[in-house]
Every structure is written in structure tokens, then in C-alpha cells.
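# Fold and contact review
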Protein chains: 2
Amino acid sequence: MKGIRRLAQHLDISIGTVSRALNGKPDVNEETRRRVLQAATELGYVPNQSGRSLRQGTTNIIGFMMQTGTEITGQGDIFFMSVFDGVQAVFARHKLDLVALLCSSEEDPNDYLRRVVARGFADALILSATQRDDPRIEFLAERNIPFVTLGRSLTDAGQPWLDLDFEGMAQASIDRLVARGHRRIAITRPHDDINLGYIFVDRCRRALAAHGLTLDEDLIFRSTPNEAGGYQIARDLLALEEPPTAIVLINETIAIGFYQALSEAGIKPGRDIAVVGRYSPHAHFLSPPLTCFRLSLRDLGIALAETLLSAMPAFKDQYPDAPQNQVWPMELVEGESDAFLVPRR
Amino acid sequence: MKGIRRLAQHLDISIGTVSRALNGKPDVNEETRRRVLQAATELGYVPNQSGRSLRQGTTNIIGFMMQTGTEITGQGDIFFMSVFDGVQAVFARHKLDLVALLCSSEEDPNDYLRRVVARGFADALILSATQRDDPRIEFLAERNIPFVTLGRSLTDAGQPWLDLDFEGMAQASIDRLVARGHRRIAITRPHDDINLGYIFVDRCRRALAAHGLTLDEDLIFRSTPNEAGGYQIARDLLALEEPPTAIVLINETIAIGFYQALSEAGIKPGRDIAVVGRYSPHAHFLSPPLTCFRLSLRDLGIALAETLLSAMPAFKDQYPDAPQNQVWPMELVEGESDAFLVPRR
DNA sequence: CATAGTTCCGTAAACGTTTACGGCAGCCAA
DNA sequence: TTGGCTGCCGTAAACGTTTACGGAACTATG
């Protein structure tokens, strides 16, 4: 005898009553409920997930879809671990479990998602590595599956999304650098499938225009979002006839390689060139410390969870004013990498 | 009408035959099987996971348990993403899905595991962040749930495990440094719950003894496994009356902070002190490049998967000679951080 | 033709839950 | 007393599969 039957037999009541007691339903005497709860913990009873979800068509599982192997976002070390922790904090209150759905680099993300959904794996989904044009969004929207994307997409099905405030970062970076006398300012962007590149470049261009400056196309650097990419950017930058006096780095991990290439050339951030980047645990330990934009990843995770819950019928009323489309502000951490002022002529 | 019933109705045969056809069972005409398979793809039918696992008590899901939020191992996102990719490559051949089971930093890992198991979530498990004394191992072993741990533990239930070859790293590092004239060699270790610390320290001590040297207790540094920890180690090291001439860093990310603290004190790795560490994507971009020990994380993932499969009854015969307990060798990547030779007196 | 064997298929039970439904006490008001 | 109401509980159906079992049709063998 296993499962709920064992519990019922042990208490000498019916399985129906046990189930009602455990799930906080009415129509059960408080004294019996107490006994059931106690016996449940004593016997270590935990409802079988398959049985439960088969009956009520719900799994109490939220899937966070991510791709393994490839470095798409260039978000370093503990990015996801921190976000997860925030998401969990919210879900725990609702007895929801978060699992990471790992799409192999050998499988098409769309196929993978199709499988996950068809199998009825999760009640709702969080999508990361959102593409500029992302078929997954339409797929989920058509099927009325609650989801939220981390990162904006051009594909608009009215879905909720959260994203980092790259406009804010672009604006603040440009304003700051221009105020320090810089006129030739370089920026970096990820590869073309990533939407944030367009957003970021566009806002940089407009911010520069507001100061009467134009964004030189030669000063927009593409690279892989890792240390090696940063290294390459610096090499390319230094090879220019007229190098920029400042640069804004859009990825976290590229700063390390960027610094190294500069160092090899005898160029020092903050003295010979101004550098602004993204926060990462190592940003403070670069020399000189990187001036960068930071946000609380845990808070981002919390917001992500709340927004997702507000899209789920069962929890909608508990999160009436969760943001649907929100850019998440980043704060400026002052380092010394942008201390360099352009000398007046 | 949904699911397998829809398929059966559409083909005008019984659901039993459909199920047998889909699952490759005998007792079904090849012609009908072909028709079923075709109709399945046409209608986009995918078996409901709950129904299936309820009936046959198996989920086709492998769980990789990891802890979010906290930095226990100092291994970042890319570490796991790379390992995952290797694991997936093997599992894909057997139609097994890998999901990451994310234990919140607010929940006890043992409780979490208990829940996961009781719910019947996965067929088998991979445990990471293995503790020196890890109750999860006994728990799983008692219940005959196939699992493998990434990292050794003192808790021995005959379970399979894979681990990095820290003995090999210790031996090679010490031999190398001693051969270059170093006598006062410092090492680092993670906090006390992590088994690798004991393994590593022990082997370092014996390697030194083989050269007639003793390991000075003051030269064993504990720290958090991140950049800040490395920074602190360097500060502590430099504050010693008689600092070591060499150090072996056991974690990946601490090198960055370590370099920085040295740099602030005017000490240069490879010139004033010899440094050996672990590979990370940034190791090559430190100045000077870090001499470090590297391994293919993807291959590690592949081995992990094969070992786990050999512990599962359904796949055991397909992996007859998968290693049960194996240390995974690391290769030395020559940098310049240990170029410093101790001058003869 | 009778029998045995083979090939294929349909039927129904089972997995562990949740929940709609009905029913039995006990109580109160008419 | 009668009727209805409330509080509590048991019964059984349902969720979507898999699979043991039995049986029909056909083939082979005597």
C-alpha cells in the first residue's frame, strides 16, 4: 500500500478526506485535518507529481528555458544563479518549483520548446536568450501558455517581458562621456540576432545626436560576448587611424580581454582612454576598477517571477499590478576607468 | 477528444495498438505502425508526460541538482553550461531529458532532494556541490535511485562519482614549483564542508614531503571562492613576515582578485611570485597569463552521463565499462605566472 | 477437415491523485 | 413530528497512458 492510500489506511479514513485535508479544502473537520497533516509529516508523505498533474492538468512547475554550451549572452559567472535565487524566493510562497529546461546546443530551441509544451512539462515558462525575431513567442502565445521573456523581442504577441534598461545605460554613458570632453566615442554590440544590440546602438546614436555628435559606423564593434571578443575589440580599436577616446562595453565579460589588449599596447584605461562597462563580480578587481552599470540580479528574478505569476490565471489576482513590460534600471558604479578627460585643445 | 484517443479515432484503430506502435513494441503490423507514426507527426502528437510516468513509474527525466544564489564551488554559469552540453549529448541518444533542479539558497538541500524524490520527478540524479559529509548520498542509496555525484564525498554508499584530479594538480604544481627552486609554497583551500580541500591539501603536503619540505600551516589560505576571496588571500599573504615565493590557487575565479591585490602592492606574478591556478576563460587574459590546469568540461559531462546510465537498470547493458569512480585528469596550460625562479643564495 | 500455431488487434485494468456527488448524522425551527 | 439545513465524510469517476490478457483471423501441418 503506497501513497495517499497508505495514509488513509493508517488513519482509518477515506482517501478523499485525506486529499481534502492536505489541500486545504473545506468540508473537513479541523481535528481530522490536524491528524492528517501530522500523519503526513510523520510518514513523510509527499503527493506523487504524476498522479496529481494528470488529474488536475497542472504541474506546479515553472520552467526556465536556457541554452547550454553556447555563449550567447555573455553574461558571466553567476548571472543565472543569482536570477534563479530571486525567482525561487517568490515561487516558494506558492509551492511552485523552478527547474531549468536545458536545450542542448545541438537541438533547435523551437523544437525543444515544442516538445516541452506537448509533454505538459510545466505550467508556465520563462524564456531567456530572447532573439530579435523569436518564433517561440508566437508559439506559446497561440497556445495560451503563460510566459514571460527575459529580454525584448521584435516578435510581439502582447507577451509580458522584462529587460535591462539598456537605453538608460546608453544615455547615461554617452552623457557622462560627452560631459568629460569626449567626442569620438566607440560602442560595442552583440551579434545580430540579439535585440539589445539594436536598442543599445540606436539609443547611443540618439544620445550623441542630442549633443550634436554623430556615431561613426567604424566605432561600432561586434564581437563574441566573451574575454576573447573583448581582446579583439581592443586590437581592432587600436589599429584605427584615429582611435576613439572612449568606449562603452555592452557585455560583462569582454572587459577582461579588453583591458588585457590595452595593457599589452601600453594603453591604460582611465588615463589614455575612458571605458564604461557592465558590472560583474570582477569589475571591481580590474585595474583600474571598471566604471560600470549594475543591477540586483536577485531583484530582477523577483520581478520576473511576479510578472509571470500575474500572467497565470491561478495567481493573477494576487499580483494585480505586476509590471507587464518593464525595463529594469541599472545603477552606475563609479570606478576609475573613465577618469580620462579629453584635454582642451 | 485529446491525446492518444484522438490519434486512435483518426486512424480508426484502438488506443492499445497506437501505444504499441509508438513505443516500438511487437505485436503490431508494420504497415499499421507506419501509419500511426505518420499520423502522430502530422497531428503533432506527443505523449502526455504525466499519464505515461504515472503508469510506468518512469519519467525519462534526469535531474541535475544544483544550488542557486550561494557561491559554494566558485564555478560559474559557463562551468555548468559546458558540462550540461556534454551530458545532453549522451542523453539525447536515449531520449532522456536533462533538467536542472534548482535548490534555493533558502532551502535545505536535503529537504529539497527529499521532495524531488518523493514526487517522483526524475528517474536518476546528478548531484553537484557534493559535501564532505553528504546525507543526500545515503538517502538516494537507500532508495535505490540511480545517481552519480560530481565530486567525492566521505559518505560512501558505493555510489559512482566523478571528480577532477586534484591530486594530479597538487602533485604537478608542487613538483613544478619545487623544481624551480621554491621552498616556501602557499596553497589555498575552500571552506571546510568541501571535500576537495582535504584531498588537495593532503596531496600537497605529501608532495612537499617527498621533496623533504613541510607544508607551513600559515601558508594554507581559506577564502570564499570568488574574486573578493582571492583579493583577501593576497592581502593576507603579503602581510606575513616571511611571505611565500609561490602559491597554488585551487579555485577558478579567485585569480582575478589575487592578481589585483598583488598589483596594488607592486608585486607582479611571474616576476616576484610564482602563481599556479585553475583554468577559466579569463586565465589567458590576465597579465601575465596564468599558468593553470584545464580540462574539457564537455568531456566531463559526457563521462558523467555515461557513468549515470551504467547505474540505471534500463541502460546498464549498453554501458558495460563506464567508469564508476574516476578522477578526471587536467592538463597544464603554460602561462607566465610561474616564470619566477628563486635566486640561488 | 481438424488441430495447432502465428499474427495482429481490442478490451480493460492499473498507476495516484482530485473532486463532484450523495448521504448520514445532528440540530433547529415550525 | 416533520422538514430543511449544516457539517462532515465516503464513493466513484476521471485524468492519459501502458500492458496483460484474450480472442479473431489466418496459415501450416497432420
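What counts, and where the lines are drawn
For every chain, the first residue of the written sequence is number 1, and numbering continues from 1 onward in sequence order. Chains and ligands are labelled sequentially in the order written, the chains with letters from A and the ligands with numbers from 1. In view of the model being predicted, local features appear only for residues whose pLDDT reaches at least 70, and side-chain atom pairs are presented and counted only at 80 or more, with totals across whole chains, interfaces and linings using the full set of residues. Side-chain numbers come from the whole structure's heavy atoms, not from hydrogens or water. Under the scheme used here, helices are H or I runs from DSSP no shorter than 4 residues and strands are E runs no shorter than 2 residues, and both carry numbers assigned from the N terminus. Between the two quantities, the radius of gyration covers C-alpha atoms and the globule rule is 2.2 Å times the number of residues to the power 0.38. Any residue under 20% of the maximum accessible area for its type is buried, any over 50% is exposed, and the rest in between are partly exposed; the area is computed with a 1.4 Å probe on protein chains only. Any two residues having at least one pair of non-hydrogen atoms within 4.5 Å are treated as being in contact. Shrake-Rupley sampling with a 1.4 Å probe provides the accessible areas, and residues are treated as covered by the protein chains on show and by no other component. Just so you know, the count uses Lys and Arg for positive and Asp and Glu for negative, and it drops His and the chain ends. To locate a charge, take atom NZ for lysine, CZ for arginine, CG for aspartate or CD for glutamate. Salt-bridge detection follows one rule: a side-chain nitrogen of Lys or Arg within 4 Å of a carboxyl oxygen of Asp or Glu. For this overlay, a least-squares fit was computed on C-alpha atoms, restricted to residues scoring pLDDT of at least 70 in both copies. Two parts placed together each lose some accessible area under a 1.4 Å probe, and the buried area is that loss summed for both. In protein, a polar contact requires one atom able to donate a hydrogen and another able to accept it; more generally it is a pair of N or O atoms within 3.5 Å, and residues adjacent in sequence count only if both atoms are side-chain atoms. Where each domain begins and ends is defined by an automated method or by a domain database. Two strands make a pair as long as DSSP finds a minimum of two bridges between them. Helix axes are fitted to C-alpha atoms over the stretch in contact, other axes to C-alpha atoms as well, and angles between N-to-C directions run from 0 to 180 degrees. For this description, a residue counts as near a given molecule or strand if any of its non-hydrogen atoms is within 4 Å of it. Classification convention: Asp, Glu, Lys, Arg as charged; Ala, Val, Leu, Ile, Met, Phe, Trp, Tyr, Cys, Pro as nonpolar; all other residues, Gly among them, as polar. The span expected for a helix works out to 1.5 Å for each residue beyond the first.

Our next topic: the overall build of chain A. Within chain A, the secondary structure is distributed over twelve helices and twelve strands. For 345 residues, the compact-globule formula gives about 20 Å, and the C-alpha radius of gyration of chain A, at 25 Å, lies well above that figure. Its C-alpha atoms give chain A principal-axis dimensions of about 90 × 35 × 35 Å. When burial is assessed residue by residue, chain A has 55% of its 345 residues classed as buried. For chain A, long-range pairs separated by at least 24 residues make up 67% of all intrachain contacts whose partners lie at least 6 apart in sequence. For chain A, the accessible surface area stands at approximately 15,100 Å², while carbon and sulfur atoms represent 48% of it. Across chain A, the mean location of the 37 positive side-chain charges is 5 Å away from that of the 44 negative side-chain charges.

Quick look at the pattern of salt bridges now. Residues and elements named next belong to chain A. All chains considered together, the criterion is met by 41 salt bridges over all chains. A salt bridge links glutamate 30 to arginine 33, with the nearest nitrogen and oxygen atoms 3.4 Å apart. One end of the pair is glutamate 30 and the other is arginine 33, both in helix H3 (residues 30-43) and three residues apart, which spans about a single turn. With relative accessibility at 12%, the residue arginine 33 sits in the buried group.

Attention now moves to the relation of the copies chain B and chain A. At an RMSD of 0.4 Å, chain B and chain A line up after a rotation of 180° and a shift of 0.2 Å along the axis. Taken together, the rotation and translation describe the operation of a two-fold axis. Scanning chain B for the C-alpha nearest the rotation axis identifies Asp77(B), at a separation of 0.9 Å. Same-surface contact between copies: 98% of interface residues of chain B are shared with the interface of chain A.

Counting residues at the interface gives 53 residues for chain B, matched by 54 residues for chain A. A buried area of about 4,500 Å², summed over both sides, lies between chain B and chain A, and 56% of it is on carbon and sulfur atoms. The largest contributions to the chain B side of the interface with chain A come from Asp77(B), Arg119(B) and Phe285(B), which together make up 17% of the buried area. The tally of links from chain B across to chain A stands at six salt bridges. A salt bridge links Arg115(A) to Asp97(B); its shortest N-O distance comes to 2.4 Å. Summed over the shared surface of chain B and chain A, the number is 17 residue pairs in polar contact (both at pLDDT 80 or more).

How big an interface is tends to be expressed through the accessible area that disappears when the partners come together. Domains assigned within chain A are domain 1 (3-47), domain 2 (61-159 + 297-328) and domain 3 (166-294). Computed over C-alpha atoms, the centres of domain 1 of chain A and domain 3 of chain A are 61 Å apart.

Turning our attention to the sheet that holds strand S4 (residues 147-150) of chain B. The mixed open sheet is built from twelve strands, whose spatial order is S11(A)-S5(A)-S4(A)-S3(A)-S1(A)-S2(A)-S2(B)-S1(B)-S3(B)-S4(B)-S5(B)-S11(B). On the outer flanks of this sheet lie strand S11 (325-328) of chain A together with strand S11 (325-328) of chain B, each paired with one strand and no other. Direction aside, the axes of adjacent strands within the sheet are offset by 20° on average. The pairing of strand S1 (residues 61-67) of chain A with strand S3 (residues 124-127) of chain A spans four bridges and is classified as parallel. For Met65(A), the partnering residue across the bridge sits in S3(A) and is Leu127(A).

This part is about the side chain of Gln88(B). Within the fold, Gln88(B) resides in helix H5 (residues 77-91). If sequence neighbours within four positions are ignored, Gln88(B) has contacts with Thr68(A), Leu102(A), Cys103(A), Ser104(A) and Leu98(B).

Below, the discussion takes up the protein's contact with DNA strand D. Around DNA strand D sit 28 residues in total, of which Thr17(A), Ile4(B), Ser19(B), Lys25(B) and Arg55(B) are the nearest. Taken together, the sugar and phosphate atoms account for 59% of what DNA strand D places within 4 Å of the protein. Arg20(A) places a side-chain nitrogen or oxygen 2.9 Å from a base oxygen of DNA strand D. Between DNA strand D and the protein, one listed contact pairs a phosphate oxygen with a side-chain N or O atom of Thr32(A) at 3.2 Å. At the level of elements, helix H2 (15-22) and helix H4 (49-56) of chain A together with helix H1 (3-11), helix H2 (15-22) and helix H4 (49-56) of chain B are the ones that each hand at least two residues to the surface near DNA strand D. Of the residues contributing to the surface near DNA strand D, the split by class is seven nonpolar, twelve polar and nine charged.

With that settled, consider the sheet that holds strand S7 (residues 220-222) of chain A. All names here are of chain A. The sheet built from six strands is open, its strands ordered S7-S6-S8-S9-S10-S12 with mixed pairing. Because the sheet does not close on itself, it has two edges, and the strands there are S7 and strand S12 (331-333). Here the average twist between neighbouring strands, direction ignored, is 20°. Of the strands in this sheet, strand S6 (185-189), strand S8 (246-248), strand S9 (274-278), strand S10 (291-294) and S12 touch helix H8 (residues 166-179), which is tilted by about 165° from S9. Seen against the sheet, helix H9 (residues 195-210) touches S6, S7 and S8 and runs at an angle of roughly 165° to S6.

Here the focus is the protein's contact with DNA strand C. Close contacts around DNA strand C come from 28 residues, with Ile4(A), Ser19(A), Lys25(A), Arg55(A) and Thr17(B) the closest. The sugar-phosphate portion of DNA strand C accounts for 59% of its atoms within 4 Å of the protein, the bases making up the rest. Between DNA strand C and Arg20(A), the relevant distance is 3.5 Å, taken from a base nitrogen to a side-chain nitrogen or oxygen of the residue. The separation between a phosphate oxygen of DNA strand C and a polar side-chain atom of Ser14(B) is 2.8 Å. Among the secondary structure elements, those contributing two or more residues to the surface near DNA strand C are helix H1 (3-11), H2 and H4 of chain A together with H2 and H4 of chain B. Classifying every residue of the surface near DNA strand C gives seven nonpolar, twelve polar and nine charged.

The subject of this paragraph is helix H9 (residues 195-210) of chain B. In an α-helix, one turn spans 3.6 residues; hence positions three or four apart end up facing the same way. Residue and element names in this part refer to chain B. Across its 16 residues, H9 extends 23 Å between first and last C-alpha, which sits within 8% of the 22 Å expected from 1.5 Å per residue. All buried positions along H9 are accounted for by Asn195, Leu196, Gly197, Ile199, Phe200, Val201, Cys204, Ala207 and Leu208. On its buried side, H9 packs onto helix H8 (166-179), strand S6 (185-189), strand S7 (220-222) and strand S8 (246-248). Taken from the residues just after H9, glycine 212 is the one with a positive phi, measuring 75°.

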